[in-house]
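What follows is each chain in one-letter form.
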Amino acid sequence: MFASISLALGAIFNLMGSGHYIHWGFVQISVANLLVIVLMVVTFFAAILIPFRHKSGGKS
Amino acid sequence: MTTTHDAPPAYEPLPEDADLWTAKIRRKLVRALPPDRMVPDRQPAYLSSWIYIFGALTMSALAVVIITGTLLALEGPAWWHLSTVGLFVNSLHLWSVELFFFFMVIHLWGKFFMAAWRGNRTLTWMTGVITFMASIGAGLTGYLSQTNFESQWIATQAKDGINAIGAGAFFNVLNFGQMLMWHIMILPLAVVALTVLHILLVRTKGIVPPFEIASPEGGAHADATAETAGVEG
């Protein structure tokens, strides 16, 4: 079962090729690493901006 | 024996035992780590923000890292390279590490911008910093312990950097046995022990209040710390 799942995912994401990189002056970063950094920044601001709801009955 | 509301707490020794070393250590431990502060039922109201959950998320990811890492250590490289269950557990180990660093970095950003070292919390901050550095070492030695071409490539690339900082003599990334021992023994012990110390410090010192309600000493004003139920620390 795991083999068939990994085969199905492998068909969607081709992980066998060489990685993609972004070059900007002396800065070189893989697209995967840049994506993770962008996701962290988005999650950070979402955690600050999205209201936190707690169960009713608690004083705040 | 009858129990009344005036009875001393169970950890108080009998009067004739008060000078025993066990009683003295117990008294010191209870004074340093008050049970009611270790696992509180309620948290301060200012914790009602998602930014405060990333410490707990980091701990949760660390628990999965330790459990999957233990399974990998028990079964060995042939299992994690060749069997489907082994490949699955190996992937769980990798992705829990990814989440561990993801959550830890957001936790770090949140605590940096709220200057979480305020109010005599320097040791809490520094244990977090050292845990972060030990985790990076655990991550590097983990990549070196994969037993595949990637680990060989990383080892040959990393050796020059390690030699350049003068650590190559006692931290040899080309020595697989040494790297494996660092990864499955020394660094996990360090990360878990530092995490426990970090959490104990958070519990004893309390979670740093926001700037707008902090007193000059770094604590929180009483009117701003009304406690609320159901908020994670």
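Scroll up for the structure.
It should be emphasised that the depicted structure is a prediction, and the values quoted were computed from it without experimental measurement.

The rules behind these values
- Residues numbered from 1 in each chain as written.
- Chains lettered and ligands numbered in written order.
- Predicted model: local features only at pLDDT ≥ 70, side-chain atom pairs only at ≥ 80, totals over all residues.
- Heavy atoms only, no water.
- Helix = DSSP H or I, 4+ residues; strand = E, 2+ residues; numbered from the N terminus.
- Buried < 20%, exposed > 50% of the residue type's maximum accessible area, 1.4 Å probe, protein only.
- Contact = heavy atoms within 4.5 Å.
- Areas by Shrake-Rupley, 256 points an atom, 1.4 Å probe, with all protein chains shown as cover.
- Phe/Tyr/Trp six-rings, centres within 6.5 Å; stacked < 30°, edge-to-face > 60°.
- Lys NZ or Arg CZ within 6 Å of the ring centre and 35° of its normal.
- Salt bridge = Lys/Arg side-chain N within 4 Å of Asp/Glu carboxyl O.
- Polar contact = N/O pair within 3.5 Å; in protein donor to acceptor, adjacent residues only side chain to side chain.
- Expected span 1.5 Å × (residues − 1).
- Arc of directions from axis to C-beta.

1. Quick word on the overall build of chain B
- Counting secondary structure elements, chain B contains eight helices and two strands.
- Secondary structure elements of chain B, listed N to C terminal, follow the sequence α-α-β-α-α-α-α-α-α-β.
- Scored against the burial criterion, the 233 residues of chain B give a buried share of 37%.
- By sequence separation, contacts in chain B at least 24 residues apart represent 71% of the contacts at least 6 residues apart.
- For chain B, the accessible surface area stands at approximately 14,000 Å², while carbon and sulfur atoms represent 69% of it.

2. Regarding the packing of aromatic side chains
- Using the criterion set out here, one finds 12 aromatic pairs over all chains in the structure.
- An angle of 80° between the planes, with centres 5.2 Å apart, marks the rings of Phe112(B) and Phe113(B) as edge-to-face.
- Note on Phe112(B): relative accessible area 43%, which makes it partly exposed.
- In this structure an aromatic cluster arises from ring pairing among Phe44(A), Phe45(A), Trp109(B), Phe112(B), Phe113(B), Trp117(B) and Trp125(B).
- Of note, Arg118(B) hangs over the ring of Phe211(B), and the distance from its end group to the ring centre comes to 4.1 Å.

3. A closer look at the environment of Val196(B)
- Relative to the helices and strands, Val196(B) resides in helix α8 (residues 176-205).
- In this structure, the C-alpha to C-alpha distance between Val196(B) and Met59(B), residues 137 residues apart in sequence, is 9.8 Å.

4. Quick notes on the pattern of salt bridges
Residues and elements named next belong to chain B.
- For the coordinates displayed, the defined rule picks out one salt bridge over all chains.
- For Asp 160, the salt bridge identified is with Lys 159, shortest N-O distance 3.5 Å.
- Note on Asp 160: relative accessible area 47%, which makes it partly exposed.
- Judged by its relative accessible area of 27%, Lys 159 falls in the partly exposed class.

5. Comments concerning the side chain of Arg203(B)
Residue and element names in this part refer to chain B.
- By secondary structure assignment, the location of Arg 203 is in helix α8.
- At 3.0 Å, the side chain of Arg 203 forms a polar contact with the backbone oxygen of Arg 37.
- Leave out the neighbours within four places in its chain, and Arg 203 touches Arg 37, Met 38, Pro 40 and Gln 43.

6. Details of helix α3 (residues 54-75) of chain B
- Taking 1.5 Å per residue, 22 residues should reach 32 Å; α3(B) reaches 32 Å between its end C-alpha atoms and fits that length.
- Within α3(B) the residues assigned to the buried category are Phe54(B), Gly55(B), Thr58(B), Ala61(B), Leu62(B), Val65(B), Thr68(B), Gly69(B) and Leu72(B). Mapping the buried residues of α3(B) onto a view down its axis gives an arc of 150°, with all of them on the same face. Residues of α3(B) that are exposed and point over 90 degrees away from its buried face: Ile67(B) and Leu74(B).
- Against the buried residues of α3(B) lie α2 (31-49) of chain A together with α4 (77-82), α5 (84-113) and α8 of chain B.
- Immediately downstream of α3(B), the backbone of Gly76(B) shows phi near 95°, a positive value.

7. Quick word on helix α6 (residues 122-144) of chain B
All names here are of chain B.
- The end-to-end C-alpha distance of α6 is 33 Å, a good match for the 33 Å that 23 residues give at a rise of 1.5 Å each.
- All of the buried residues along α6 are Thr 124, Trp 125, Thr 127, Thr 131, Ala 134, Ser 135, Gly 137, Ala 138, Gly 139, Thr 141, Gly 142 and Leu 144.
- As for α6, its buried residues are in contact with α5, α7 (149-164) and α8.

8. A few points about the side chain of Lys111(B)
All names here are of chain B.
- Here Lys 111 is to be found in helix α5.
- Residue class for Lys 111 comes out buried when judged on its relative accessible area of 15%.
- Not counting the four nearest positions on each side in its chain, Lys 111 is found in contact with Tyr 52, Ala 116, Trp 117, Trp 125 and Ile 207.

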